[in-house]
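Coordinate inspection notes
Here's the letter readout for the chains.
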Amino acid sequence: MTLEMAKAYNPHEVEDRWYPFWESRGYFRPEVHPEGKPFAVVLPPPNVTGRLHIGHALNHTLQDVLVRWRRMQGYAVLWVPGTDHAGIATQVVVERHLAAQGLTRQDLGREEFERRVWQWRAESGGTIQQQMRREGISVDWSREAFTLDEPRSRAVREAFVRLYEAGLIYRGDYIINWCPRCQTALSDLEAPKKEVRGKLYYIAYPVKSRGSSSTTSEHEAPSSLVVATTRPETMLGDTAVAVHPQDARYRHLIGATALLPLVGRELPIIADERVDAEFGTGVVKVTPAHDPVDYEIGRTHGLSLVVAIDRNGRMTEAAGRFAGLDRYEARHRLVEALAEAGQLVRVEDYTHSVGHCQRCDTVIEPLVSTQWFVHVKPLAEQAIAAVAEGRTRILPENWTKTYFDWLENIRDWCISRQLWWGHRIPAWYCRANHITVARETPPACTQCGDTQLVQDEDVLDTWFSSALWPLSTLGWPDDTPELRRFYPTAVLVTAFDILFFWVARMMMMGLAFMKDHPSRTEAIDPDAVPFRLVLIHGLVRDPYGQKMSKTRGNTVDPLEMFERYGTDAVRYTLVAAARPGNDVTPQYSKLETYRNFCNKIWNAARFALLNCTPEDVAGAREGTTEELPLVDRWVRSKLTRTIAEVTQALEEFRFHEAALALYHFFWHDFCDWYIELTKATVTAPEDSAERRAARARLVSVLETSLRLLHPFMPFITEEVWQRLPHEGETICLAPYPVADRSALDPEAERQMGLIIDLIKKIRNVRAVMNIDHAAWLDLLVRASSDDAHDLVVAHRDHIRRLARVNRIEFVPTFDGLRHVARDVAGDVELAIPLEGIIDFERERERLQRALEKAEKELNQLQQRLNNPDFLARAPEDVVAETRERHEELTERREKLVAILRSL
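Residues numbered from 1 in each chain as written. Predicted model: local features only at pLDDT ≥ 70, side-chain atom pairs only at ≥ 80, totals over all residues. Heavy atoms only, no water.

Another point: the pairing of strand β22 (residues 489-495). Where burial is concerned, most of β22 is hidden: six out of the seven residues are buried. As paired elements, β22 and strand β23 (residues 531-537) share six bridges and run parallel to each other. Each bridged residue has a counterpart across the sheet, and for valine 491 the counterpart in β23 is leucine 533. (Buried < 20%, exposed > 50% of the residue type's maximum accessible area, 1.4 Å probe, protein only. Helix = DSSP H or I, 4+ residues; strand = E, 2+ residues; numbered from the N terminus. Pairing = 2+ DSSP bridges.)

Set out below in structure tokens:
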């Protein structure tokens, strides 16, 4: 036991000291519990491009709570850290650095550019790892992985080859999302749609006369059809006009021919059920080379492809006089030309959803391109079955439906990217353009034997390598001890926004590659799912409920928060706000609350260490339960109940409930009451067996509380625990407390609860009546039971000291009493004479003002809670706080009314 403690808690000094201690001694490795039950977690790898954000801090903290808790329970915990090479994002960053030097990657060439990126990664890549250490997360750094290191690269090549050989990877022409800025293909998930205010252009397409006919139509053929479009520049790639087959307005024109305005190209008028008859006029232009739906219509009807926009977002030679123009400049010029020709019917304001590049926010361009694809339908069916059968659970369960909906409507996954940074596609072409797919560079073409081979220039989508993360980090494709022991992993903790990007793809890859792996076929648990549970948490939003982003300028740097409040306080704030499935809105008031909580822990420990010598604790006899004073039986019961509540909450992933239960016990039960109730005995000047036992019990409750708190607040708990009597080297490996049900004592909780409630009621009268804290009060008591009477008598010293009561008098009735404040605590009625203590008239005026103020705020809160828009749109924690404040004010109003009556 180290008795000396600084008067004030300095979180930075503590945090700087303990993480190197833990890491250097290997406490985070599974080998510390070689016989323990395996518990494996893979860290969602943050991008290597920059700094951690507050969302990472939430995600990492939740995982760390689970990992530290299980490690203390004796599990063999493996938590694998790593980073993602982030293909597009990293290349953008490095190209930006080159541009500042007046260079492009083409100036350097591929080999030199890749060398520069690796150099940049070596210089800046360690930033995130140091930030994660600052968070206090207990990952096994000896097993750190990088999605582009050699073991992961080998796994990627193996997966590609196997899927290709199974006919699930193919190369072909298809319409894809193209980013003109990043110059690469994007999957649908990487091109999220955003609401855009644009225009809807109505354009007259002349209808070519069918000539004379012996039969007459019931409809006169119109001179033109009016087509509505949001992108008039793409009309230069039109190869048809389409209507819905059931649309009676145009059924007679099916099979006729329209003419492309300004160009004169003949366009067949076709019927297709994919046409939305409610959009515009019900007539749409068909541009197979520049729209995904049009592409499918074109394939069905055998339409030709006319590419009018190139990969740079400029018009091609097919655009005639508009060739070479930027797509938006071409739109402007084209609309002017249509107006001059009398073929622009009208223009309307129109809001619609448009795909944007996730990385640079450029509007994507749908283009037909030769790319590599994964045929994911068979893989998706297995991933659906695994969750439907309960082999993998998703919590909260409402996300299961979203998971199913996406996988049931999945399209083939475009996996090739036109980048230089990433896993290069393991495919080679001979001079005859035959394809050879291989794990290593092949000596010759497998079809014709040509030895002059060229590797595909493209790299794989970043998500292809991260989809293998639970496999590759445990050694797949080899049969490793880690795969045998730790696969499937226990839990994956992630935000909902990458449920499709990452979670579903890991499910598909795990089921595809582990089903027949030797480690599964011979293992006790042969399941091929990558994880047993997917725990979805919300996003961290700003105080206005908006998603944080650099473009909005509302991001929060967790390191700044660590610096200001201390890491433990920030961790606790995030965990306490993490209600399952709900978004998190950190509030500065909560950060201050949990910073104060750290100070409370420090001060409680300092009191214990200043008053308890090692000899006191070592030689004391705490006594049996029957011998313990009521206050000790009470705190032991409350501690046991807290242990059970916290453990159950963690088992069910209700982190916020665990955090709040711990906060309430330590701050209120332990500090506010237990320490205060036992202080006189603990600090008694004369040595005695009673004093030594009280000191031993105080230290015992403190030490147990620290072990309970450690997964949430690792730094301060280690600092204090090391100063107390303990077994072992670190609190990281100390046993997590287990609830001893025999210590539960409802009767002790009831009895002590009455005494505490009585003291609270006296203090409340003092506060509400604005009585000087130093003033001593008289207390009149009427007990309705012998038990209540005896409790007050037995604990009168506690009541006097903690409520500053001078005299306690038992009376048979309160009838006839005037100028007293009255209240009830269980079976005890209490009255405090106020004559000579307060100015009644002034106090009545003050209380009346306080009542009016409380009622005014209460009415405002009630109006807010009665507003459906507020309940629907406000963040969950804001609504919860409003309800809590409403309850507080309601209770305060009732107390004020009661006290005014008593006056």
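Okay, the confidence of the model for the protein chain next. Per-residue confidence for the protein chain gives a mean pLDDT of 90, with 95% of residues at or over 70. For the protein chain, per-element mean pLDDT is lowest for helix α20 (residues 614-619), which scores 70, and highest for strand β2 (residues 76-80), which scores 98. The low-confidence segment residues 212-218, where pLDDT is below 50, has one contact with residues more than four positions distant or belonging to other chains. (pLDDT = per-residue confidence, 0-100. Contact = heavy atoms within 4.5 Å.)

With that settled, consider the packing of helix α21 (residues 630-651) against helix α23 (residues 689-709). In contact at an axis separation of 11 Å, α21 and α23 are set at 10 degrees when each is read in the N-to-C sense. Relative to α23, the element α21 is oriented roughly parallel. On α23, the residues that touch Asp632, Val635, Leu639, Thr642, Ile643 and Val646 of α21 are Arg697, Val701, Thr704, Ser705 and Leu708. When the residues that make up the contact of α21 with α23 are grouped by side-chain class, the tally is six nonpolar, three polar and two charged. (Axes fitted to C-alpha atoms, helices over the stretch in contact; angles between N-to-C directions. Parallel < 35°, antiparallel > 145°, perpendicular 65-115°, else oblique. Nonpolar A, V, L, I, M, F, W, Y, C, P; charged D, E, K, R; others polar.)

The next thing to look at is helix α24 (residues 714-721). Taken across its eight residues, α24 has eight buried, putting it largely inside the fold. Residues of α24 that are buried: Pro714, Phe715, Ile716, Thr717, Glu718, Glu719, Val720 and Trp721. On the buried face of α24, the contacting elements are α1 (11-24), α2 (54-72), α6 (126-135), α18 (567-577), α19 (588-611) and α23.

Once that is clear, we can look at the sheet that holds strand β20 (residues 454-455). Read across the sheet, three strands follow the order β19-β18-β20 without closing on themselves; strand pairing throughout is antiparallel. Looking along the sheet, the strands with just one partner apiece sit at the ends: β19 (435-437) and β20. With three bridges connecting them, strand β18 (residues 427-429) and β19 associate as antiparallel partners. Within β19, the residue paired with alanine 427 across the bridge is valine 437.

The next thing to look at is unusual backbone geometry. Here the residue pair leucine 395 and proline 396 is connected by a cis peptide bond, since its omega of -10 degrees sits within 30 degrees of zero. By the element assignment, proline 396 lies in the loop between β15 (393-395) and α11 (398-408). Cis geometry marks the peptide bond from tryptophan 476 to proline 477; its omega dihedral reads 15 degrees. Locating proline 477 in the fold gives a position in the loop between α13 (469-472) and α14 (481-486). The backbone phi angle of glutamine 183 is positive, close to 55 degrees, even though this residue is not glycine. With respect to the helices, strands and loops of the structure, glutamine 183 is situated in the loop between β5 (169-179) and β6 (184-186). A relative accessible area of 24% places glutamine 183 in the partly exposed class.

Glancing now at the pattern of salt bridges. Under the definition given, this model contains 68 salt bridges. A salt bridge links arginine 105 to glutamate 95; the nearest nitrogen and oxygen atoms lie 3.3 Å apart. Placement of the pair is arginine 105 in helix α4 (residues 105-108) and glutamate 95 in helix α3 (residues 87-100), with a sequence separation of ten residues. The class of glutamate 95 is partly exposed, set by a relative accessible area of 23%. (Salt bridge = Lys/Arg side-chain N within 4 Å of Asp/Glu carboxyl O.)

For the rest of this paragraph, the subject is the sheet that holds strand β16 (residues 413-414). What the four strands build is an open sheet, ordered β6-β5-β14-β16; its pairing is antiparallel. For this open sheet the edge positions go to β6 and β16, each flanked by a neighbour on one side alone. Looking at chain direction, strand β14 (residues 365-374) and β16 are connected through two bridges and run antiparallel. Residue pairing for β16: phenylalanine 373 is matched across the bridge by cysteine 414.

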